[in-house]
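This is what each chain is made of:
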Amino acid sequence: MSLLEVRQLSVRFPVRRGLFGGVRAWLRAVDRVDLEIQTGETVGLVGESGCGKSTLGRAILRLIEPADGQIIWKDTDITTLSGRELRQWRRQAQIIFQDPINSLDPRQTVGDAIGEALDVHKLAPNRRERQDRIAALMESVGLDPSRASDYPHEFSGGQRQRIGIARALAVQPDLIVCDEPVSALDVSIQAQIVNLLLDLQRTRGIAYLFIAHDLALVEHISRRVLVMYLGRVVESADATELLHHPLHPYTQALISAVPVLDPDSRRKRIILGGEVPSPINPPPGCAFHPRCPWAEPKCKSIAPALREVKQGHKAACHLITADNSTPGNPTATNT
Amino acid sequence: MVPAESTGQHKDRVLPGAPSRPGAASPLLDIKNLTIEFGSFNPPARAIEGVCLTVHHGETVCLVGESGSGKSVTALSIARLLSSPPARYVEGEIWLDGHEILGLPETELRRLRGRVVSYVFQEPSASLNPVRTIGSQILEALKLHQPSLATKEEVVRLLAMVGIPSPETRADDYPHQMSGGMQQRAAIAMAIASRPKLLVADEPTTALDVTVQAQILDLMRELQGEFGMAILLITHNLGIVREIANRVAVIYAGQIVETAPCAELLRQPRHPYTAALIRAVPELGRRANRLHAIPGQVPSSFDRPEGCRFHPRCEFARPECQKNSPLLIPAGLGHWTRCPWHDQLPLAPLSPDSKA
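Residues numbered from 1 in each chain as written. Chains lettered and ligands numbered in written order. Predicted model: local features only at pLDDT ≥ 70, side-chain atom pairs only at ≥ 80, totals over all residues. Heavy atoms only, no water.

Caption draft 1: Broad picture of the overall build of chain B. Scanning chain B from terminus to terminus reveals 12 helices and 12 strands. The 356 residues of chain B split such that 54% are buried. The contacts of chain B with a sequence gap of at least 6 include a subset with a gap of at least 24, amounting to 65%. Of the roughly 15000 Å² of accessible surface on chain B, 54% is carried by carbon and sulfur atoms. (Helix = DSSP H or I, 4+ residues; strand = E, 2+ residues; numbered from the N terminus. Buried < 20%, exposed > 50% of the residue type's maximum accessible area, 1.4 Å probe, protein only. Contact = heavy atoms within 4.5 Å. Areas by Shrake-Rupley, 256 points an atom, 1.4 Å probe, with all protein chains shown as cover.)

Put into structure tokens, the structure is as follows:
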């Protein structure tokens, strides 16, 4: 049994004419996405801005209402939960955001920010216990518990992200959706936060849905990785498999675009033309075809389905041949 | 994936540090011992202290640092873009193309801005006027600095050069009608319109997606080849450094801690901060259980530690490091470090298993 199973999830936003006008079009932010997360594992979700990765993360927690599809949490369908039941379920799944300063109330002390989660879910029977719990949580994320009465602005960016994590941990969740948790931080601090997340996972068995645009980081901490483009998953595989045998031309370009430090490394670079098209009016056929260096006529008319190419490796591309090679795959074409 | 013969390709890219190429006797940009303070606090906030930096004609230098390290202050000081007050140029000299910037009257300075040095910033929307078309803004830059070229044709040529599709029609677009990547291209077109000798790019790709970042870096390399201009690129991303730099200067808490030719710095860092920074970056295919974090935080410009500024976070710190402020010392040809113990420390950057 998976911890979380998402089936054919779609999220659509109305595009209106003016402020009160009628709906002009529907923006498909997330389009029929399947996703599975096991207890205690990390699933990475990568893509460029506007690909729908954050929307998907929020829709899973029902912070944005999905238009279609099902979210199954440990065999229970939570897609239709509401009111009290939904609130109770939320204890089990939490989220941390990119910019911790925007997710913290500037007029609330850090202790209260963490304690609020305890209050909402009635996890601390009395004052004394509440304080102890807050102190223990702060300690577990590497913050000095004596600073519980300080305000968010008195902390640095990395420390604020630790507060966000402590807040999520307060309710002892089984899943934390990490939405670009380190992209606003300096490199030296990024590593601290990533290590903290890894430690917490090891000691508490929390599963993560790790959303980021930094493929190197996602590959580093995830067991499986999903690549999104214009609202759809275009490829999903084991992290190492995805890195060494990417099948979708977009994944290949994404990997080649990651700058590498090693001055001795020599990689073939695929520099994509153009930019991500508007999701309001996506290209027909394969949404990636206008930027794809190998697009064929059928890519312009028929949308490729996400299919299992080999065990545990799915890709949505017409160009994958029977021997699992694509024009840009360096291992298959031997260039 | 890593054949050793590829090293030669980098050697050609590295221009000599101190003695420059024949015909270019003095560097294009020479910042000497620059110290800048802010505010009326006591003691004042020292954004940078004793910064020395040179950029030669046609060279690409990267200035690498974390937030609050003083890298943007250094960049802005080159054309004296930091208004004073609140900034105070306490000490030092900035020589740009034979002019000493800090002593220059405003009228002469204005002739250098654009013609000798121009800027590209992180947020393209910050350098573009939202209520005027892209074309008219580039035309204005041309009228100011290259009046003989101030024509619609030249604007279209520039837009085409930076890779904006159908430049004739896009010239009439307003900035908000363009994507972030296109805006940055337009901002670059505006910056190079005046044919500057030095392009200062302050985190030009930080706000962009990785595939667009690759495009913009490629574009900058191309333009450099075409115009032979020098580039000073300010970044926090060591991966970008590897892609584009000839030489690198690493800045920490307001001081340059190491400077070296790019490949050498990445292969053989000689300062513990540089070495730690390189190891902190997650690299594709370098899967390990944990990342190498640097403990603590970048000190703010108000309470910088005594002695070596990196010592509270340095894994090799010794008692002496708390007291003595180290100086930049040579550590090889064109290679300088602010760590007196550099030759005794195991500063191996990339572990051998990373080259699998």
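After presenting the structure, the write-up continues.
Caption draft 2: Structural detail: the environment of Leu198 of chain B. Residues and elements named next belong to chain B. Its location among the elements puts Leu198 in strand β7 (residues 198–202). The spatial distance from the C-alpha of Leu198 to the C-alpha of Val250 is 20 Å, given a sequence separation of 52 residues. Non-local contacts of Leu198, meaning those with residues more than four positions away in its chain, are made with Leu28, Leu29, Val55, Ile78, Leu96, Val116, Val117, Ser118, Ala230, Ile231 and Leu232.

Caption draft 3: The sheet that holds strand β2 (residues 23–37) of chain A, seen in detail. All names here are of chain A. Strand order in the open sheet formed by four strands is β2-β1-β4-β5, and the pairing between neighbours is antiparallel. With partners counted over all chains shown, the strands left at the sheet margins are β2 and β5 (76–77), one partner each. Here strand β1 (residues 4–16) runs beside β2; their pairing, made up of 10 bridges, is antiparallel. If you follow Arg12 over to β2, its bridge partner there is Arg28. Those strands touched by helix α1 (residues 53–60) are β1, β2 and β4 (68–73), and its axis lies near 115° from that of β1. (Pairing = 2+ DSSP bridges. Axes fitted to C-alpha atoms, helices over the stretch in contact; angles between N-to-C directions.)

Caption draft 4: Just the pattern of salt bridges, in detail. Summed over the entire model, instances satisfying the criterion amount to 36 salt bridges over all chains. The closest approach of N and O atoms between Asp174 of chain A and Lys74 of chain A, which form a salt bridge, is 2.8 Å. Of this pair, Asp174 of chain A sits in the loop between α5 (157–169) and β7 (175–179) while Lys74 of chain A sits in the loop between β4 and β5, and the two are 100 residues apart along the sequence. Residue classification places Lys74 of chain A among the partly exposed positions, given a relative accessible area of 30%. Residues Glu106 of chain B and Arg80 of chain B are paired through a salt bridge, measuring 3.5 Å at the closest nitrogen-oxygen approach. Here Arg80 of chain B lies in the loop between α2 (71–77) and β4 (87–96) and Glu106 of chain B lies in helix α3 (residues 106–112), a separation of 26 residues in the sequence. In this structure Arg80 of chain B comes out as buried when scored by relative accessible area, which is 18%. Here the salt bridges do not stand alone but share partners, grouping Glu37, Arg46, Glu49, Arg88 and Arg309 of chain B into one network. (Salt bridge = Lys/Arg side-chain N within 4 Å of Asp/Glu carboxyl O.)

Caption draft 5: Examining the domain arrangement of chain B more closely. Residue and element names in this part refer to chain B. What the domain assignment lists for chain B is domain 1 (20–116 + 198–356) and domain 2 (124–195). With centres defined by C-alpha atoms, the gap from domain 1 to domain 2 works out at 29 Å. The interface is formed by 16 residues belonging to domain 1 together with 13 residues belonging to domain 2. Area buried by domain 1 at its contact with domain 2 is led by Arg115, Leu219 and Phe227, which between them contribute 37% of it. Counting across the interface, domain 1 meets domain 2 through three residue pairs in polar contact (both at pLDDT 80 or more). Top element by residues in the side of domain 1 that touches domain 2 is helix α9 (residues 210–227). It accounts for eight residues. Its residues placed into classes, the side of domain 1 that touches domain 2 shows 10 nonpolar, two polar and four charged. (Domains from an automatic or database assignment. Buried area = accessible area lost by both parts, 1.4 Å probe. Polar contact = N/O pair within 3.5 Å; in protein donor to acceptor, adjacent residues only side chain to side chain. Nonpolar A, V, L, I, M, F, W, Y, C, P; charged D, E, K, R; others polar.)

Caption draft 6: The arrangement of the packing of aromatic side chains in detail. For the structure on display, the rule yields eight aromatic pairs over all chains. Consider the rings of Tyr119 of chain B and Phe121 of chain B, whose centres lie 5.6 Å apart with planes at 10°: the pair is stacked. Note on Tyr119 of chain B: relative accessible area 12%, which makes it buried. A centroid spacing of 5.1 Å and a plane angle of 65° characterise the contact between Tyr273 of chain B and Phe310 of chain B, whose relative ring orientation is edge-to-face. Pair noted here: Tyr273 of chain B is in helix α12 (residues 272–280) and Phe310 of chain B is in the loop between α12 and β11 (329–332), with a separation of 37 residues, a long-range link. As far as the burial class goes, Tyr273 of chain B and Phe310 of chain B line up, both buried. Here the guanidinium or amino end of Arg147 of chain A rests over the ring plane of Phe155 of chain A, the centre of that ring lying 4.0 Å away. (Phe/Tyr/Trp six-rings, centres within 6.5 Å; stacked < 30°, edge-to-face > 60°. Lys NZ or Arg CZ within 6 Å of the ring centre and 35° of its normal.)

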